[in-house]
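Inside the fold
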Amino acid sequence: MRSRLSSLVLLTILTALAAAKGSADVSVNAAWESWKENNTTEAEAHFLKALEKDPAHLRANIGLAYLYQNDQNYDKAWSYYRNVLKHEDGPAYIFAGWNSGRMALVQNDSTSGLINVFKEMSDKADKNDMLTAMAHQAVGDYYRNRGDLAKSDAYYARTKMIRDWQVFGPFEHVSASV
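This text gives an overview of the structure that appears in the document. Predicted, not measured: the structure shown is a model, and the values here were computed from it.

1. Regarding the overall build of the protein chain
Regarding its fold elements, the protein chain presents nine helices and zero strands. Written out in order from the N terminus, the α and β elements of the protein chain read α-α-α-α-α-α-α-α-α. Taken across its 178 residues, the protein chain has 33% of its residues classed as buried. Carbon together with sulfur atoms contributes 56% to the accessible area of the protein chain, which is approximately 11,500 Å² in total.

2. Side note on the pattern of salt bridges
Counted by the stated rule, this structure contains two salt bridges. Between R144 and D153 there is a salt bridge, and its shortest N-O distance comes to 2.2 Å.

3. Some words on a nonpolar patch on the surface
Taken together, I162, W165 and V167 make up a surface patch of nonpolar side chains, about 420 Å² in accessible area. With respect to the element layout, V167 can be found in the segment after α9 (149-157). Judged by relative accessible area, which is 60%, V167 ranks as exposed.

4. A word on the nonpolar core
Soluble globular proteins tend to pack their nonpolar side chains together in the buried interior. Ranked by size, the top nonpolar core spans 36 residues in total, and within it F47, W98 and M121 carry the most contacts. Those elements giving two or more residues to this core turn out to be α1 (2-36), α2 (40-53), α3 (58-70), α4 (74-86), α7 (114-123) and α8 (130-145). Among all residues touching F47, those that are not within four sequence positions of it are V28, A31, W32, W35, R59, A60, G63 and L64.

Reading the values: the criteria
For every chain, the first residue of its written sequence is number 1, and the numbers climb from 1 along that sequence. Local features are withheld for residues below a pLDDT of 70 in this predicted model, meaning they are given only at 70 or higher, and side-chain atom pairs are given and counted only at 80 or more; totals for whole chains, interfaces and linings count all residues. Side-chain numbers here rest on the full set of heavy atoms in the structure, without hydrogens or water. Secondary structure elements follow DSSP: runs of H or I of four or more residues count as helices, runs of E of two or more count as strands, with numbering from the N terminus. Think of it in three bands: residues with accessible area under 20% of the maximum for their type are buried, residues over 50% are exposed, and the middle band is partly exposed, with areas taken using a 1.4 Å probe on protein chains only. Using a 1.4 Å probe, accessible areas were evaluated by the Shrake-Rupley method; residue-level cover was limited to the displayed protein chains. Any carboxyl oxygen of Asp or Glu that lies within 4 Å of a side-chain nitrogen of Lys or Arg is treated as forming a salt bridge with it. Like charges are joined within 9 Å and nonpolar side chains (Val, Leu, Ile, Met, Phe, Trp, Tyr) within 5 Å, but only among residues with over 30% relative accessible area and no salt bridge; these make up the patches. Buried Ala, Val, Leu, Ile, Met, Phe, Trp, Tyr and Cys residues form a nonpolar core when they are joined through side-chain atoms within 4.5 Å. Whether two residues touch is decided by their heavy atoms; if any such pair falls within 4.5 Å, the residues are in contact.

Below you can see the structure in the form of structure tokens.
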């Protein structure tokens, strides 16, 4: 009897979690529809409603990050980017937006909060270390532009860049132009 009750409680909890996730997806889809109609106020409300149901919802966090970035509310944008970074699929979204015009405009702006996101990324390895190395490079560039060469060099060293290399061996002239 006790195992049946435990199973029933577990099933009820799992059903409630699945319903909350599905409900969050509905809110996120409504947010993107509102945004397509250029109703960003409604889109924001839908994204926030989704996060009330599921605070770790990836698409809701990335939606709010983009929404606030568009509104040049960078502190809020980067707080949601931090949530994206915590998600296992989050780095793919960061990588996709890395060279966007908006991110490039604020990369060296100390008030944008982006440098803090890069610092967090530089301390957290991704699957193939590509984003980690890019974050080290970005933070190194940030400090180099401000004249702090010691901090800059420390971040550059963490990129694991190959600096000394050479090509060797006998090579025949293989040009077809001769």
